[in-house]
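Here is what each chain is made of, one letter per residue.
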Amino acid sequence: MPFTNIEYKGKHLTVHKAMTAPDFGGKTVLVTDTWDYVDLWLRRSGKHTARFYWQQARSFYEATRELPKTAAPLTAYYCFLNATKALLSAKNVPAGNQHGVSGHTSIGRTSLANEHVKFKPGGVLGSLCNHLGEPVPAGGQTYSLDDLLYNLPFVHRAYDLTFESAKELFLPIAEPRIVKSTTTHEAWFVAEFVGKYANKATLAKLPTSFEQELGAGNDKQILVRSKQRFDWRPRDKPASLGRYTNFHRSLRGQLFYIAGPQRLWYLKRGGNIHGEVSRSSMTITFAVMHKLSELARYTPERLARHFECHHNWLLSEFIASAPTQFIDELSSEMTGQEFMMPGRALRK
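Residues numbered from 1 in each chain as written. Predicted model: local features only at pLDDT ≥ 70, side-chain atom pairs only at ≥ 80, totals over all residues. Heavy atoms only, no water.

1. A word on helix H1 (residues 34-44)
Basically, it comes down to this: Summary of the burial criterion: residues with accessible area below 20% of their type's maximum are buried, those above 50% are exposed, and those between are partly exposed, where the area comes from a 1.4 Å probe applied to protein chains only. The numbering of helices and of strands both runs from the N terminus, where a helix is a DSSP run of H or I of at least 4 residues and a strand a run of E of at least 2. Pairs of residues are marked as contacts when any of their non-hydrogen atoms sit within 4.5 Å.
Thr34, Trp35, Tyr37, Val38, Asp39, Trp41 and Leu42 are the residues of H1 that are buried. For H1, the elements touching its buried residues are strand S4 (29-30), helix H2 (48-64), helix H3 (72-90), helix H11 (312-335) and strand S15 (339-340). Positive backbone phi, at 70°, marks Gly46, one or two positions downstream of H1.

2. Describing the packing of aromatic side chains
Put simply, the test is: For this analysis, a ring pair means two rings from Phe, Tyr or Trp (six-membered ring only for Trp) whose centres lie within 6.5 Å, classed as stacked if their planes differ by under 30 degrees, edge-to-face if by over 60, and tilted for the remaining angles.
Taken as a whole, this structure holds 20 aromatic pairs when the rule is applied. With centroids separated by 6.2 Å and ring planes inclined at 90°, the aromatic side chains of Phe189 and Phe210 adopt a geometry described as edge-to-face. Within this pair, whereas Phe189 is found in strand S9 (residues 186-193), its partner Phe210 is found in strand S10 (residues 210-213), the two being separated by 21 residues in sequence. Each member of the pair Phe189 and Phe210 is classed as buried. Connected via pairs of aromatic rings, a cluster forms that spans Phe24, Phe230, Tyr244 and Phe247.

3. As for the side chain of Thr34
Positionally, Thr34 belongs in helix H1. In this structure Thr34 comes out as buried when scored by relative accessible area, which is 17%. When near neighbours in sequence (up to four residues on either side) are disregarded, Thr34 contacts Trp54, Ser331 and Phe339.

4. With respect to the pattern of salt bridges
Spelled out, the test is: A carboxyl oxygen of Asp or Glu within 4 Å of a side-chain nitrogen of Lys or Arg is what we treat as a salt bridge.
The final tally for this structure, using the stated rule, is 15 salt bridges. Of the charged contacts in the structure, one is a salt bridge between Lys291 and Glu115, with a shortest N-O distance of 3.3 Å. Taken together, the residues span a long stretch of sequence, with Lys291 in helix H9 (residues 281-298) and Glu115 in strand S6 (residues 115-119) at a distance of 176 residues. The same class applies to Lys291 and to Glu115, which are both buried. Across the salt bridge formed by Arg263 and Glu338, the nearest N and O atoms sit 3.3 Å from each other. Taken together, the residues span a long stretch of sequence, with Arg263 in the loop between strand S13 (255-258) and strand S14 (264-268) and Glu338 in the loop between H11 and S15 at a distance of 75 residues.

5. Looking at the state of the cysteines
Stated formally: Note that a disulfide, as used here, is simply two cysteine sulfur atoms within 2.5 Å.
Scanning the entire structure with this criterion turns up 0 disulfides. In this structure Cys79 is a free cysteine whose sulfur lies 18 Å from that of Cys129, the closest cysteine sulfur available. Of the residues examined, Cys79 reaches a relative accessible area of 1% and is grouped as buried. Looking at Cys129, the relative accessible area reads 0%, which means it is buried.

6. Looking at the side chain of Thr64
The test is simple: Two N or O atoms count as a polar contact when they lie within 3.5 Å, although within protein this holds only if one can serve as hydrogen donor and the other as acceptor, and sequence-adjacent residues are included solely when both atoms are side-chain atoms.
Its location among the elements puts Thr64 in helix H2. Here Thr75 takes part through its side chain, which lies 2.7 Å from a polar atom of the side chain of Thr64. When near neighbours in sequence (up to four residues on either side) are disregarded, Thr64 contacts Ala72, Thr75 and Ala76.

Structure below.
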């Protein structure tokens with residue numbers, strides 16, 4: 001079916017980092033310090049309790065940067081906890097005093113598969129899951145640390161190099177955008193596979209809700225589209241944007257990004273993949289850091305043994321990169337805006 005890009009406020013309508021209340025018409029916020037921007041945003045919004053939690057989170061974030069990897073999970077987790085409390089407070093979502101997550105270790109050798117994390121329906125993590133549309137069952141849900149790390153795109157390369165038999169879970173996409181039919185009001189999501197991913201083998205890995213796009217009129221491109229559609233009527237943009245917001249929230253359950261100087265988006269592959277976890281990277285990152293903080297607090301000798309195993313680089317990469325990724329995701333979720341590092345900062 002022939003299609004054309006949808007234009008909204010002078011630019012192509014595309015996917016957004018925020019899941020629940022994205023500002024599709026807003027300009028990208030270029031900041032060297034997201035912490036300062038969100039702090040000012042909370043003050044202007046009169047979110048005083050949220051701002052208190054945010055400032056606490058920032059203090060823990062700065063302390064984390066000075067600690068060795070065997071101690072950093074402690075302060076990193078409390079950074080995540082208080083930042084999440086700031087988000088929930090700003091959104092008027094009740095959370096209670098419990099963390100909403102716990103962990104235990106199976107008897108046996110030191111391995112990620114023997115470290116377990118339980119998501120609980122209540123508490124801070126449970127409230128975050130509900131807010132993002134991924135509720136926890138009444139009895140809770142338990143995952144291994146191995147599976148949770150496997151489902152994080154920002155350490156997926158490190159995971160693949162550590163466990164070479166694991167299937168690649170994230171497919172990089174280029175030019176993600178929303179298009180509409182040239183003959184009807186139907187609209188949908190389109191993206192392109194490029195480089196070594198531009199082939200039929202990649203298309204065979206698509207989730208069931210996606211398929212190849214054949215309406216571009218360019219046989220050299222390998223495009224993918226969502227099967228789901230929504231109604232876009234240019235003469236009624238407010239209602240159309242409301243329909244897209246609902247569509248986008250469902251779409252973002254399968255699209256993930258890595259924070260950085262470029263927009264790097266990934267589609268989670270389909271099929272019956274062992275270890276696949278159907279949760280957002282934000283809630284998974286929160287849970288993983290909680291487990292590592294438990295180890296650092298109660299059994300530091302066991303955490304030290306993990307750094308003597310073959311997965312030591314994977315854990316090091318997670319501890320080093322998770323705070324930046326988590327705060328970027330949470331900042332977008334709180335404000336509805338997207339953040340990027342300005343070019344002047346990158347040239348330093």
